[in-house]
Amino acid sequence: MSLIDYTIAQLQTQLRSGKISAAELCDAYLARIASVDGEINAYLTVAAESARAAALAADRDLAGGHVRPLTGIPLALKDIFVTKGIRTTCASKILTDYIPPYDGTAVQRLYDSGAVLLGKLNMDEFAMGSSNENSAFGAVRNPWNRDYVTGGSSGGSAACVAARTALASLGTDTGGSIRQPAAHCGVVGLKPTYGRVSRYGVIAYASSLDQVGPLTRDVRDCAILAQAIAGYDPLDSTSVNAPVPDYLASLEKGVKGLRIGLPREYFGAGLDPEVKSALEGAQRVLAGLGAEFVEISLPHTEYAVACYYLIATAEASSNLARYDGIRFGLRVDEGEGLNALYCRSRAAGFGAEVKRRIMLGTYALSAGYYDAYYLKAQKARTLIRQDIIAALDQVDLLLAPVAPTPAFRLGEKTADPLQMYLSDIFTIPVNLAGTCALSLPCGFSAGGLPIGMQFIGRPFAEASLLQAAYAYEQATEWHQRQAIL
Amino acid sequence: MKITENEVKKVAKLAKLTLSDPDIERMATDMDAMLAYVATLASLDTDGIVPTAHAVPMANAFRTDQLRPSLERDAVMAAAPKSAGGTFRVPKVIE
(Lines give C-alpha, C1' and ligand atoms only; values in the text may rest on other atoms or scores of the structure.)
Protein backbone atom coordinates (compact mmCIF):
# COMPACT_ATOMS: atom_id res chain seq x y z
CA MET A 1 0.00 0.00 0.00
CA SER A 2 1.38 3.38 -1.02
CA LEU A 3 1.27 6.37 1.35
CA ILE A 4 -1.34 8.11 -0.78
CA ASP A 5 -3.75 5.16 -0.47
CA TYR A 6 -4.49 5.59 3.24
CA THR A 7 -7.67 7.27 4.47
CA ILE A 8 -7.70 9.93 7.19
CA ALA A 9 -8.98 7.41 9.72
CA GLN A 10 -6.15 4.97 8.91
CA LEU A 11 -3.51 7.70 8.99
CA GLN A 12 -4.63 8.92 12.40
CA THR A 13 -3.41 5.58 13.75
CA GLN A 14 -0.30 5.34 11.55
CA LEU A 15 0.87 8.86 12.38
CA ARG A 16 0.29 8.44 16.09
CA SER A 17 2.17 5.17 16.25
CA GLY A 18 5.08 6.75 14.36
CA LYS A 19 4.87 4.23 11.48
CA ILE A 20 4.43 7.12 9.03
CA SER A 21 5.71 10.66 9.50
CA ALA A 22 3.74 13.72 8.49
CA ALA A 23 6.76 14.93 6.50
CA GLU A 24 7.00 11.78 4.34
CA LEU A 25 3.22 11.83 3.86
CA CYS A 26 3.31 15.46 2.75
CA ASP A 27 6.22 14.73 0.37
CA ALA A 28 4.34 11.76 -1.10
CA TYR A 29 1.41 14.03 -1.92
CA LEU A 30 3.59 16.81 -3.32
CA ALA A 31 5.30 14.22 -5.54
CA ARG A 32 1.92 12.88 -6.66
CA ILE A 33 0.74 16.39 -7.52
CA ALA A 34 3.95 17.02 -9.51
CA SER A 35 3.53 13.78 -11.44
CA VAL A 36 -0.20 13.73 -12.30
CA ASP A 37 -1.79 17.15 -11.82
CA GLY A 38 -0.61 18.31 -15.23
CA GLU A 39 -3.20 15.93 -16.70
CA ILE A 40 -6.00 16.95 -14.34
CA ASN A 41 -5.45 20.68 -13.64
CA ALA A 42 -7.03 20.45 -10.18
CA TYR A 43 -4.50 22.76 -8.51
CA LEU A 44 -4.25 26.51 -9.08
CA THR A 45 -1.61 27.00 -6.39
CA VAL A 46 0.59 24.39 -4.73
CA ALA A 47 1.81 25.66 -1.36
CA ALA A 48 4.77 23.26 -1.17
CA GLU A 49 6.97 25.30 1.14
CA SER A 50 4.34 26.09 3.78
CA ALA A 51 2.98 22.53 3.54
CA ARG A 52 6.43 21.06 4.29
CA ALA A 53 6.87 23.44 7.24
CA ALA A 54 3.42 22.50 8.59
CA ALA A 55 4.21 18.79 8.21
CA LEU A 56 7.46 19.19 10.16
CA ALA A 57 5.54 21.03 12.88
CA ALA A 58 3.00 18.19 12.90
CA ASP A 59 5.81 15.67 13.41
CA ARG A 60 7.07 17.69 16.38
CA ASP A 61 3.51 17.71 17.80
CA LEU A 62 3.20 13.97 17.30
CA ALA A 63 6.55 13.33 18.98
CA GLY A 64 5.53 15.56 21.88
CA GLY A 65 2.17 13.83 22.30
CA HIS A 66 0.26 16.98 21.28
CA VAL A 67 -2.15 15.19 18.94
CA ARG A 68 -5.24 16.74 17.35
CA PRO A 69 -7.81 15.10 15.05
CA LEU A 70 -6.11 16.17 11.78
CA THR A 71 -2.47 16.40 12.87
CA GLY A 72 -0.34 15.88 9.77
CA ILE A 73 -3.30 15.23 7.42
CA PRO A 74 -2.67 16.78 3.95
CA LEU A 75 -5.74 18.59 2.64
CA ALA A 76 -6.52 21.06 -0.14
CA LEU A 77 -9.05 23.88 -0.47
CA LYS A 78 -11.27 25.17 -3.23
CA ASP A 79 -9.79 28.52 -4.21
CA ILE A 80 -12.87 30.27 -2.85
CA PHE A 81 -11.52 30.10 0.74
CA VAL A 82 -9.36 33.09 1.59
CA THR A 83 -6.00 32.00 2.96
CA LYS A 84 -3.61 34.36 4.67
CA GLY A 85 -0.46 34.79 2.61
CA ILE A 86 -1.56 32.25 -0.03
CA ARG A 87 -2.90 33.49 -3.36
CA THR A 88 -6.71 33.20 -3.60
CA THR A 89 -8.15 33.65 -7.10
CA CYS A 90 -11.69 32.22 -7.07
CA ALA A 91 -10.56 31.07 -10.55
CA SER A 92 -11.08 34.62 -11.81
CA LYS A 93 -8.80 37.02 -13.67
CA ILE A 94 -10.11 39.75 -11.40
CA LEU A 95 -8.36 38.12 -8.39
CA THR A 96 -5.34 36.60 -10.19
CA ASP A 97 -2.82 38.24 -7.88
CA TYR A 98 -4.91 38.54 -4.72
CA ILE A 99 -3.13 37.57 -1.50
CA PRO A 100 -5.63 37.77 1.38
CA PRO A 101 -4.68 39.31 4.72
CA TYR A 102 -6.59 36.75 6.81
CA ASP A 103 -7.81 33.14 7.07
CA GLY A 104 -11.50 32.27 7.06
CA THR A 105 -13.05 30.34 9.94
CA ALA A 106 -13.32 26.91 8.25
CA VAL A 107 -9.66 27.15 7.22
CA GLN A 108 -8.64 28.29 10.70
CA ARG A 109 -10.47 25.31 12.17
CA LEU A 110 -8.57 22.93 9.90
CA TYR A 111 -5.28 24.55 10.92
CA ASP A 112 -6.33 24.37 14.58
CA SER A 113 -7.04 20.64 14.10
CA GLY A 114 -3.48 20.18 12.83
CA ALA A 115 -4.12 19.83 9.07
CA VAL A 116 -1.41 20.44 6.44
CA LEU A 117 -2.58 22.63 3.53
CA LEU A 118 -1.23 21.36 0.18
CA GLY A 119 -2.71 24.08 -1.98
CA LYS A 120 -5.67 25.77 -3.60
CA LEU A 121 -7.98 24.10 -6.07
CA ASN A 122 -9.48 24.94 -9.44
CA MET A 123 -13.20 25.70 -9.69
CA ASP A 124 -15.73 27.46 -11.87
CA GLU A 125 -15.09 31.20 -11.66
CA PHE A 126 -16.83 32.56 -8.53
CA ALA A 127 -18.44 29.08 -8.15
CA MET A 128 -20.66 29.73 -11.18
CA GLY A 129 -20.87 26.57 -13.22
CA SER A 130 -21.67 22.86 -13.31
CA SER A 131 -18.67 21.55 -15.26
CA ASN A 132 -15.59 23.46 -14.07
CA GLU A 133 -15.17 24.76 -17.61
CA ASN A 134 -15.75 28.35 -16.48
CA SER A 135 -12.38 28.69 -14.75
CA ALA A 136 -10.11 31.49 -15.99
CA PHE A 137 -7.28 28.96 -15.60
CA GLY A 138 -8.65 26.15 -17.75
CA ALA A 139 -11.05 23.27 -17.14
CA VAL A 140 -10.38 20.45 -14.69
CA ARG A 141 -10.34 17.01 -16.31
CA ASN A 142 -12.11 14.02 -14.83
CA PRO A 143 -9.56 11.56 -13.36
CA TRP A 144 -11.72 8.63 -14.59
CA ASN A 145 -11.60 9.85 -18.18
CA ARG A 146 -9.73 13.00 -19.19
CA ASP A 147 -12.18 13.80 -22.02
CA TYR A 148 -14.99 14.31 -19.51
CA VAL A 149 -15.87 17.10 -17.09
CA THR A 150 -15.48 16.80 -13.34
CA GLY A 151 -18.69 18.65 -12.69
CA GLY A 152 -18.66 21.92 -10.83
CA SER A 153 -18.23 24.25 -9.33
CA SER A 154 -15.96 22.40 -6.84
CA GLY A 155 -14.40 20.40 -9.70
CA GLY A 156 -10.83 20.65 -8.41
CA SER A 157 -11.98 19.64 -4.92
CA ALA A 158 -13.57 16.43 -6.27
CA ALA A 159 -10.83 15.66 -8.81
CA CYS A 160 -7.95 15.92 -6.30
CA VAL A 161 -9.63 13.35 -4.04
CA ALA A 162 -10.29 10.97 -6.96
CA ALA A 163 -6.77 11.50 -8.36
CA ARG A 164 -5.22 11.05 -4.89
CA THR A 165 -3.45 14.38 -5.12
CA ALA A 166 -5.00 15.27 -1.74
CA LEU A 167 -6.42 13.12 1.01
CA ALA A 168 -9.57 15.23 1.17
CA SER A 169 -10.70 18.77 0.43
CA LEU A 170 -13.22 21.47 1.18
CA GLY A 171 -15.65 22.84 -1.38
CA THR A 172 -18.76 24.98 -1.37
CA ASP A 173 -22.28 24.10 -2.50
CA THR A 174 -24.72 26.79 -3.66
CA GLY A 175 -26.84 24.71 -6.06
CA GLY A 176 -25.03 21.35 -6.01
CA SER A 177 -21.39 22.42 -6.31
CA ILE A 178 -20.09 19.84 -3.83
CA ARG A 179 -22.48 16.95 -4.53
CA GLN A 180 -22.48 17.02 -8.34
CA PRO A 181 -18.67 16.97 -8.83
CA ALA A 182 -18.41 14.39 -6.01
CA ALA A 183 -20.85 12.19 -7.96
CA HIS A 184 -19.03 12.70 -11.27
CA CYS A 185 -15.64 11.91 -9.72
CA GLY A 186 -16.71 8.97 -7.54
CA VAL A 187 -16.05 10.53 -4.12
CA VAL A 188 -18.11 11.45 -1.05
CA GLY A 189 -19.38 15.04 -0.70
CA LEU A 190 -21.40 16.60 2.10
CA LYS A 191 -23.47 19.77 1.79
CA PRO A 192 -24.24 20.62 5.43
CA THR A 193 -27.33 22.49 6.58
CA TYR A 194 -27.32 26.24 5.95
CA GLY A 195 -25.82 27.79 9.11
CA ARG A 196 -23.93 24.64 10.20
CA VAL A 197 -20.49 25.74 8.92
CA SER A 198 -19.23 29.33 9.02
CA ARG A 199 -18.85 31.16 5.70
CA TYR A 200 -16.56 33.82 7.19
CA GLY A 201 -13.66 34.08 4.75
CA VAL A 202 -15.47 32.27 1.94
CA ILE A 203 -15.86 34.41 -1.17
CA ALA A 204 -19.60 35.00 -1.51
CA TYR A 205 -21.66 33.96 -4.53
CA ALA A 206 -25.32 33.66 -3.40
CA SER A 207 -25.39 34.28 0.33
CA SER A 208 -28.78 32.75 1.13
CA LEU A 209 -27.63 29.45 -0.44
CA ASP A 210 -23.83 29.10 -0.10
CA GLN A 211 -22.56 26.44 2.30
CA VAL A 212 -19.13 24.89 3.01
CA GLY A 213 -18.53 21.13 3.11
CA PRO A 214 -15.98 18.32 2.80
CA LEU A 215 -15.14 16.00 -0.13
CA THR A 216 -13.49 12.75 0.90
CA ARG A 217 -12.68 9.18 -0.19
CA ASP A 218 -15.11 7.55 2.17
CA VAL A 219 -17.90 8.31 4.62
CA ARG A 220 -15.85 7.99 7.80
CA ASP A 221 -13.39 10.60 6.54
CA CYS A 222 -16.35 12.80 5.67
CA ALA A 223 -17.59 12.55 9.28
CA ILE A 224 -14.11 13.42 10.58
CA LEU A 225 -13.81 16.54 8.41
CA ALA A 226 -17.41 17.65 9.04
CA GLN A 227 -16.70 17.42 12.76
CA ALA A 228 -13.63 19.63 12.37
CA ILE A 229 -15.39 22.47 10.53
CA ALA A 230 -18.96 22.49 11.92
CA GLY A 231 -20.15 24.83 14.63
CA TYR A 232 -21.17 28.33 15.56
CA ASP A 233 -19.04 31.30 14.56
CA PRO A 234 -19.87 34.81 15.77
CA LEU A 235 -18.05 36.16 12.68
CA ASP A 236 -20.80 34.75 10.41
CA SER A 237 -24.16 36.21 11.37
CA THR A 238 -25.98 33.39 9.55
CA SER A 239 -24.14 30.72 11.51
CA VAL A 240 -26.48 28.82 13.83
CA ASN A 241 -25.67 28.48 17.52
CA ALA A 242 -26.66 24.85 18.07
CA PRO A 243 -24.54 22.02 19.48
CA VAL A 244 -22.69 19.81 16.98
CA PRO A 245 -23.31 16.10 17.62
CA ASP A 246 -20.51 13.55 17.60
CA TYR A 247 -20.76 12.31 14.00
CA LEU A 248 -18.48 9.32 14.56
CA ALA A 249 -20.46 8.09 17.56
CA SER A 250 -23.57 7.37 15.46
CA LEU A 251 -21.75 6.32 12.28
CA GLU A 252 -22.12 2.56 12.70
CA LYS A 253 -25.74 2.44 13.85
CA GLY A 254 -27.02 1.07 10.55
CA VAL A 255 -30.23 1.67 8.61
CA LYS A 256 -32.50 -0.97 10.13
CA GLY A 257 -35.98 0.48 10.50
CA LEU A 258 -34.99 3.75 8.80
CA ARG A 259 -37.75 5.13 6.58
CA ILE A 260 -36.40 6.45 3.29
CA GLY A 261 -38.49 8.47 0.86
CA LEU A 262 -38.10 8.25 -2.92
CA PRO A 263 -39.19 11.51 -4.57
CA ARG A 264 -41.34 10.47 -7.53
CA GLU A 265 -40.40 13.60 -9.53
CA TYR A 266 -36.69 12.69 -9.46
CA PHE A 267 -37.12 9.34 -11.16
CA GLY A 268 -39.10 10.34 -14.24
CA ALA A 269 -38.21 11.11 -17.84
CA GLY A 270 -34.85 12.80 -18.22
CA LEU A 271 -33.09 10.45 -15.80
CA ASP A 272 -30.40 8.49 -17.62
CA PRO A 273 -31.20 4.72 -17.58
CA GLU A 274 -27.78 3.84 -16.14
CA VAL A 275 -28.25 6.32 -13.28
CA LYS A 276 -31.74 5.00 -12.68
CA SER A 277 -30.56 1.42 -12.56
CA ALA A 278 -27.67 2.31 -10.17
CA LEU A 279 -30.19 3.97 -7.83
CA GLU A 280 -32.45 0.91 -7.99
CA GLY A 281 -29.48 -1.26 -7.10
CA ALA A 282 -28.71 0.98 -4.11
CA GLN A 283 -32.32 0.77 -3.00
CA ARG A 284 -32.09 -3.05 -3.00
CA VAL A 285 -28.89 -2.96 -0.94
CA LEU A 286 -30.44 -0.60 1.61
CA ALA A 287 -33.65 -2.63 1.76
CA GLY A 288 -31.51 -5.70 2.38
CA LEU A 289 -29.96 -3.86 5.33
CA GLY A 290 -33.42 -3.24 6.80
CA ALA A 291 -34.37 0.21 5.47
CA GLU A 292 -37.99 0.79 4.46
CA PHE A 293 -38.83 2.69 1.27
CA VAL A 294 -41.80 4.98 0.73
CA GLU A 295 -42.63 6.89 -2.44
CA ILE A 296 -43.15 10.58 -1.72
CA SER A 297 -43.85 13.63 -3.87
CA LEU A 298 -42.04 16.96 -4.19
CA PRO A 299 -44.60 18.61 -6.48
CA HIS A 300 -42.77 21.91 -7.05
CA THR A 301 -39.51 20.34 -8.29
CA GLU A 302 -40.08 21.56 -11.87
CA TYR A 303 -39.82 25.18 -10.69
CA ALA A 304 -36.55 24.75 -8.79
CA VAL A 305 -34.09 25.62 -11.57
CA ALA A 306 -35.96 28.80 -12.56
CA CYS A 307 -36.29 29.80 -8.91
CA TYR A 308 -32.60 29.19 -8.26
CA TYR A 309 -31.33 31.08 -11.30
CA LEU A 310 -33.29 34.18 -10.26
CA ILE A 311 -32.33 34.11 -6.57
CA ALA A 312 -28.69 33.11 -7.10
CA THR A 313 -28.06 35.64 -9.88
CA ALA A 314 -29.78 38.44 -7.96
CA GLU A 315 -27.63 37.78 -4.90
CA ALA A 316 -24.51 37.39 -7.07
CA SER A 317 -25.09 40.73 -8.79
CA SER A 318 -25.05 42.36 -5.36
CA ASN A 319 -22.17 40.32 -3.87
CA LEU A 320 -19.92 40.89 -6.89
CA ALA A 321 -20.36 44.66 -6.75
CA ARG A 322 -17.33 44.70 -4.44
CA TYR A 323 -14.96 43.90 -7.34
CA ASP A 324 -14.48 47.47 -8.43
CA GLY A 325 -10.72 47.77 -8.93
CA ILE A 326 -10.27 49.97 -5.86
CA ARG A 327 -9.37 47.98 -2.74
CA PHE A 328 -8.10 44.70 -4.22
CA GLY A 329 -8.07 42.82 -7.48
CA LEU A 330 -7.58 43.90 -11.06
CA ARG A 331 -7.71 47.61 -11.97
CA VAL A 332 -7.97 48.86 -15.54
CA ASP A 333 -7.53 52.64 -15.56
CA GLU A 334 -7.33 54.44 -18.87
CA GLY A 335 -7.61 57.92 -17.38
CA GLU A 336 -11.32 58.34 -18.14
CA GLY A 337 -12.42 58.75 -14.53
CA LEU A 338 -13.77 56.62 -11.72
CA ASN A 339 -16.89 55.23 -13.38
CA ALA A 340 -14.95 54.08 -16.44
CA LEU A 341 -12.39 52.48 -14.11
CA TYR A 342 -15.15 50.42 -12.48
CA CYS A 343 -16.71 49.37 -15.78
CA ARG A 344 -13.42 48.51 -17.53
CA SER A 345 -11.93 46.66 -14.55
CA ARG A 346 -15.02 44.49 -14.22
CA ALA A 347 -15.26 43.91 -17.98
CA ALA A 348 -11.63 42.81 -18.15
CA GLY A 349 -11.69 40.78 -14.93
CA PHE A 350 -14.90 38.75 -15.12
CA GLY A 351 -15.45 35.81 -17.49
CA ALA A 352 -18.48 35.29 -19.74
CA GLU A 353 -20.59 33.21 -17.33
CA VAL A 354 -20.00 35.59 -14.42
CA LYS A 355 -21.05 38.53 -16.59
CA ARG A 356 -24.13 36.63 -17.74
CA ARG A 357 -25.23 36.00 -14.15
CA ILE A 358 -24.49 39.54 -12.99
CA MET A 359 -26.55 40.85 -15.91
CA LEU A 360 -29.48 38.51 -15.27
CA GLY A 361 -29.45 39.29 -11.55
CA THR A 362 -29.23 43.03 -12.12
CA TYR A 363 -32.12 42.81 -14.55
CA ALA A 364 -34.25 40.75 -12.14
CA LEU A 365 -33.69 43.29 -9.36
CA SER A 366 -34.16 46.41 -11.51
CA ALA A 367 -37.11 48.78 -11.26
CA GLY A 368 -40.29 47.32 -12.71
CA TYR A 369 -39.11 43.70 -12.71
CA TYR A 370 -38.51 42.98 -9.02
CA ASP A 371 -42.01 41.64 -8.26
CA ALA A 372 -42.26 39.51 -11.40
CA TYR A 373 -38.87 37.87 -10.96
CA TYR A 374 -37.10 38.12 -7.60
CA LEU A 375 -40.17 38.27 -5.35
CA LYS A 376 -41.91 35.57 -7.38
CA ALA A 377 -38.83 33.34 -7.05
CA GLN A 378 -38.74 33.87 -3.28
CA LYS A 379 -42.36 32.74 -3.07
CA ALA A 380 -41.62 29.70 -5.22
CA ARG A 381 -38.74 29.02 -2.86
CA THR A 382 -41.19 28.81 0.04
CA LEU A 383 -43.20 26.14 -1.80
CA ILE A 384 -40.11 24.13 -2.77
CA ARG A 385 -38.84 24.30 0.80
CA GLN A 386 -42.23 23.25 2.22
CA ASP A 387 -42.26 20.22 -0.13
CA ILE A 388 -38.98 18.95 1.29
CA ILE A 389 -39.70 19.74 4.93
CA ALA A 390 -43.15 18.10 4.68
CA ALA A 391 -41.66 14.99 3.05
CA LEU A 392 -39.07 14.76 5.82
CA ASP A 393 -41.87 14.83 8.38
CA GLN A 394 -43.06 11.50 6.97
CA VAL A 395 -39.68 9.81 6.49
CA ASP A 396 -36.20 9.96 8.01
CA LEU A 397 -34.29 10.61 4.79
CA LEU A 398 -34.80 10.97 1.06
CA LEU A 399 -32.79 9.02 -1.51
CA ALA A 400 -32.31 10.62 -4.92
CA PRO A 401 -29.98 10.85 -7.90
CA VAL A 402 -27.40 13.66 -7.76
CA ALA A 403 -27.30 14.43 -11.48
CA PRO A 404 -29.51 13.24 -14.34
CA THR A 405 -26.54 11.72 -16.20
CA PRO A 406 -22.95 10.65 -15.48
CA ALA A 407 -20.26 13.23 -16.34
CA PHE A 408 -20.60 14.68 -19.85
CA ARG A 409 -17.86 15.43 -22.36
CA LEU A 410 -15.73 18.57 -22.10
CA GLY A 411 -17.28 21.18 -24.38
CA GLU A 412 -20.59 19.32 -24.73
CA LYS A 413 -22.74 21.94 -22.99
CA THR A 414 -20.66 25.11 -23.10
CA ALA A 415 -22.56 26.60 -26.04
CA ASP A 416 -25.93 26.44 -24.27
CA PRO A 417 -25.96 27.90 -20.74
CA LEU A 418 -29.56 26.80 -20.11
CA GLN A 419 -28.76 23.12 -20.80
CA MET A 420 -25.88 23.41 -18.34
CA TYR A 421 -28.19 24.92 -15.70
CA LEU A 422 -30.71 22.10 -16.08
CA SER A 423 -28.09 19.54 -15.02
CA ASP A 424 -28.52 20.88 -11.46
CA ILE A 425 -32.21 19.98 -11.19
CA PHE A 426 -31.77 17.35 -8.42
CA THR A 427 -29.32 19.28 -6.27
CA ILE A 428 -30.80 22.80 -6.29
CA PRO A 429 -33.94 22.07 -4.19
CA VAL A 430 -31.79 21.16 -1.15
CA ASN A 431 -30.07 24.55 -1.24
CA LEU A 432 -33.37 26.37 -1.65
CA ALA A 433 -34.71 24.43 1.37
CA GLY A 434 -31.51 25.13 3.35
CA THR A 435 -31.22 21.55 4.51
CA CYS A 436 -28.39 18.99 4.26
CA ALA A 437 -27.50 16.25 1.74
CA LEU A 438 -24.65 13.83 1.14
CA SER A 439 -23.52 12.45 -2.22
CA LEU A 440 -21.73 9.10 -2.47
CA PRO A 441 -20.79 6.64 -5.22
CA CYS A 442 -23.39 3.99 -6.12
CA GLY A 443 -22.13 2.54 -9.39
CA PHE A 444 -20.38 3.09 -12.70
CA SER A 445 -21.63 3.62 -16.23
CA ALA A 446 -20.76 1.13 -18.97
CA GLY A 447 -18.18 3.72 -20.08
CA GLY A 448 -16.47 3.54 -16.68
CA LEU A 449 -17.69 6.85 -15.25
CA PRO A 450 -18.83 7.07 -11.62
CA ILE A 451 -22.51 7.47 -10.70
CA GLY A 452 -23.57 9.14 -7.46
CA MET A 453 -26.64 9.16 -5.27
CA GLN A 454 -27.62 11.53 -2.49
CA PHE A 455 -29.31 11.20 0.85
CA ILE A 456 -31.26 14.30 1.83
CA GLY A 457 -31.89 14.90 5.54
CA ARG A 458 -33.78 17.17 7.91
CA PRO A 459 -32.10 20.44 8.87
CA PHE A 460 -29.09 19.71 11.13
CA ALA A 461 -29.47 15.92 10.67
CA GLU A 462 -26.01 15.45 9.11
CA ALA A 463 -25.44 12.53 11.53
CA SER A 464 -28.33 10.58 9.93
CA LEU A 465 -26.92 11.15 6.44
CA LEU A 466 -23.50 9.90 7.50
CA GLN A 467 -25.03 6.92 9.28
CA ALA A 468 -27.06 5.79 6.25
CA ALA A 469 -24.20 6.47 3.83
CA TYR A 470 -21.77 4.52 5.99
CA ALA A 471 -24.09 1.49 6.15
CA TYR A 472 -24.44 1.51 2.36
CA GLU A 473 -20.72 2.01 1.81
CA GLN A 474 -19.86 -0.91 4.09
CA ALA A 475 -22.16 -3.16 2.05
CA THR A 476 -20.70 -2.14 -1.33
CA GLU A 477 -17.27 -1.64 -2.83
CA TRP A 478 -17.65 1.35 -5.15
CA HIS A 479 -15.48 3.50 -2.88
CA GLN A 480 -12.60 1.06 -3.24
CA ARG A 481 -12.27 1.55 -6.99
CA GLN A 482 -9.51 3.89 -8.07
CA ALA A 483 -9.10 6.09 -11.10
CA ILE A 484 -6.00 4.98 -13.01
CA LEU A 485 -3.50 7.78 -13.48
CA MET B 1 -40.76 38.56 -24.33
CA LYS B 2 -37.82 39.89 -26.31
CA ILE B 3 -35.07 41.83 -24.55
CA THR B 4 -33.69 44.63 -26.72
CA GLU B 5 -30.07 45.63 -27.11
CA ASN B 6 -30.94 48.97 -25.53
CA GLU B 7 -32.22 47.18 -22.44
CA VAL B 8 -29.01 45.16 -22.29
CA LYS B 9 -27.03 48.42 -22.46
CA LYS B 10 -29.11 49.89 -19.64
CA VAL B 11 -28.58 46.84 -17.41
CA ALA B 12 -24.84 46.83 -18.23
CA LYS B 13 -24.70 50.44 -17.07
CA LEU B 14 -26.40 49.50 -13.78
CA ALA B 15 -24.04 46.52 -13.36
CA LYS B 16 -20.98 48.66 -14.22
CA LEU B 17 -19.80 46.45 -17.06
CA THR B 18 -18.34 47.72 -20.32
CA LEU B 19 -19.71 45.43 -23.06
CA SER B 20 -18.56 45.40 -26.68
CA ASP B 21 -21.15 45.30 -29.50
CA PRO B 22 -20.75 41.53 -30.08
CA ASP B 23 -21.00 41.05 -26.27
CA ILE B 24 -24.27 42.96 -26.22
CA GLU B 25 -25.70 40.89 -29.03
CA ARG B 26 -24.71 37.60 -27.39
CA MET B 27 -25.96 38.81 -23.99
CA ALA B 28 -29.36 39.69 -25.47
CA THR B 29 -29.67 36.17 -26.91
CA ASP B 30 -28.63 34.47 -23.67
CA MET B 31 -30.80 36.66 -21.45
CA ASP B 32 -33.75 36.05 -23.74
CA ALA B 33 -33.35 32.29 -23.38
CA MET B 34 -33.05 32.52 -19.61
CA LEU B 35 -35.97 34.92 -19.22
CA ALA B 36 -38.14 32.69 -21.40
CA TYR B 37 -37.21 29.76 -19.18
CA VAL B 38 -37.81 31.50 -15.84
CA ALA B 39 -41.17 32.70 -17.16
CA THR B 40 -42.45 29.21 -16.26
CA LEU B 41 -42.68 30.58 -12.70
CA ALA B 42 -45.52 32.84 -13.82
CA SER B 43 -47.77 29.77 -14.09
CA LEU B 44 -47.20 28.95 -10.41
CA ASP B 45 -49.94 30.14 -8.07
CA THR B 46 -48.20 32.03 -5.26
CA ASP B 47 -51.17 33.98 -3.89
CA GLY B 48 -50.86 34.33 -0.15
CA ILE B 49 -47.42 32.65 -0.08
CA VAL B 50 -44.87 34.36 2.13
CA PRO B 51 -41.52 34.87 0.35
CA THR B 52 -38.43 33.07 1.73
CA ALA B 53 -35.32 35.25 1.85
CA HIS B 54 -33.43 32.92 4.13
CA ALA B 55 -34.04 29.21 4.78
CA VAL B 56 -33.19 29.10 8.48
CA PRO B 57 -35.62 31.04 10.67
CA MET B 58 -33.49 33.44 12.68
CA ALA B 59 -33.76 37.04 13.86
CA ASN B 60 -31.00 39.62 13.62
CA ALA B 61 -27.66 38.54 15.04
CA PHE B 62 -26.25 41.17 17.39
CA ARG B 63 -22.81 41.49 18.93
CA THR B 64 -21.70 43.71 21.77
CA ASP B 65 -20.54 47.14 20.70
CA GLN B 66 -16.95 46.72 21.76
CA LEU B 67 -13.65 47.95 20.35
CA ARG B 68 -11.48 45.18 18.96
CA PRO B 69 -8.52 44.99 16.63
CA SER B 70 -9.22 45.03 12.91
CA LEU B 71 -7.02 43.72 10.09
CA GLU B 72 -3.50 45.20 9.92
CA ARG B 73 -3.58 48.25 7.69
CA ASP B 74 -0.35 47.37 5.87
CA ALA B 75 -1.60 43.87 5.06
CA VAL B 76 -4.83 45.28 3.67
CA MET B 77 -3.13 48.00 1.63
CA ALA B 78 -0.71 45.45 0.17
CA ALA B 79 -3.61 44.01 -1.86
CA ALA B 80 -4.69 47.41 -3.26
CA PRO B 81 -3.92 48.11 -6.92
CA LYS B 82 -2.87 51.67 -5.98
CA SER B 83 -2.33 53.18 -2.57
CA ALA B 84 -0.51 56.08 -0.94
CA GLY B 85 0.07 56.95 2.69
CA GLY B 86 -2.10 54.10 3.95
CA THR B 87 -5.09 55.06 1.76
CA PHE B 88 -6.57 53.77 -1.51
CA ARG B 89 -5.77 55.95 -4.52
CA VAL B 90 -8.62 56.57 -6.96
CA PRO B 91 -9.07 58.87 -9.95
CA LYS B 92 -10.29 62.37 -9.16
CA VAL B 93 -14.05 62.28 -8.46
CA ILE B 94 -14.93 65.91 -7.67
CA GLU B 95 -13.72 68.67 -10.00
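The model shown is predicted, which means the values in this text are computed figures rather than measured ones. (Residues numbered from 1 in each chain as written. Chains lettered and ligands numbered in written order. Predicted model: local features only at pLDDT ≥ 70, side-chain atom pairs only at ≥ 80, totals over all residues. Heavy atoms only, no water.)

Q: Just give me the short version of the packing of helix H9 (residues 304–319) of chain A against helix H11 (residues 352–365) of chain A, but keep the residues and values in it.
A: Residues and elements named next belong to chain A. The geometry of H9 relative to H11 is characterised by a closest axis approach of 7 Å and an angle of 100° between their N-to-C directions. When the interaxial angle is binned, H9 and H11 end up roughly perpendicular. Contact residues: Tyr309, Leu310, Thr313, Ala314 and Ser317 in H9; Arg357, Ile358, Leu360, Gly361, Thr362, Ala364 and Leu365 in H11. Here the contact of H9 with H11 is composed, by residue class, of 7 nonpolar, 4 polar and 1 charged. (Axes fitted to C-alpha atoms, helices over the stretch in contact; angles between N-to-C directions. Helix = DSSP H or I, 4+ residues; strand = E, 2+ residues; numbered from the N terminus. Parallel < 35°, antiparallel > 145°, perpendicular 65-115°, else oblique. Contact = heavy atoms within 4.5 Å. Nonpolar A, V, L, I, M, F, W, Y, C, P; charged D, E, K, R; others polar.)

Q: With reference to specific residues and values, describe the domain arrangement of chain A.
A: All names here are of chain A. Split into domains, chain A comes out as domain 1 (3–254 + 462–480) and domain 2 (302–377). With centres defined by C-alpha atoms, the gap from domain 1 to domain 2 works out at 28 Å. Across the boundary between the two partners, domain 1 contributes 20 residues, which contact 22 residues of domain 2. In this assembly, domain 1 packs against domain 2 so that about 1,600 Å² is buried in total across both faces, 61% of it on carbon and sulfur atoms. The largest contributions to the domain 1 side of the interface with domain 2 come from Ile94, Met128 and Tyr205, which together make up 40% of the buried area. Scanning the region where domain 1 abuts domain 2 turns up 0 salt bridges. The tally of links from domain 1 across to domain 2 stands at 10 residue pairs in polar contact (both at pLDDT 80 or more). (Domains from an automatic or database assignment. Buried area = accessible area lost by both parts, 1.4 Å probe. Salt bridge = Lys/Arg side-chain N within 4 Å of Asp/Glu carboxyl O. Polar contact = N/O pair within 3.5 Å; in protein donor to acceptor, adjacent residues only side chain to side chain.)

Q: If you had to explain helix H8 (residues 273–288) of chain A to someone new, which residues and values would you point to?
A: Residue and element names in this part refer to chain A. Between its terminal C-alpha atoms H8 stretches 23 Å, which fits the 22 Å expected from 16 residues at 1.5 Å a residue. Regarding H8, the residues found buried are Val275, Ala278, Leu279, Ala282 and Leu286. In an axial view of H8, the angular spread of the buried residues amounts to 100°, which keeps them on one side of the axis. Residues Pro273, Arg284 and Gly288 are exposed on H8 and point more than 90 degrees away from its buried face. Buried positions along H8 lie against strand S9 (259–263), strand S10 (292–296), strand S11 (397–401), strand S12 (436–444), strand S13 (450–457) and helix H15 (462–475). With a side-chain oxygen lying 2.8 Å from the backbone nitrogen of Glu274, the N-terminal cap of H8 falls on Asp272. (Expected span 1.5 Å × (residues − 1). Buried < 20%, exposed > 50% of the residue type's maximum accessible area, 1.4 Å probe, protein only. Arc of directions from axis to C-beta.)

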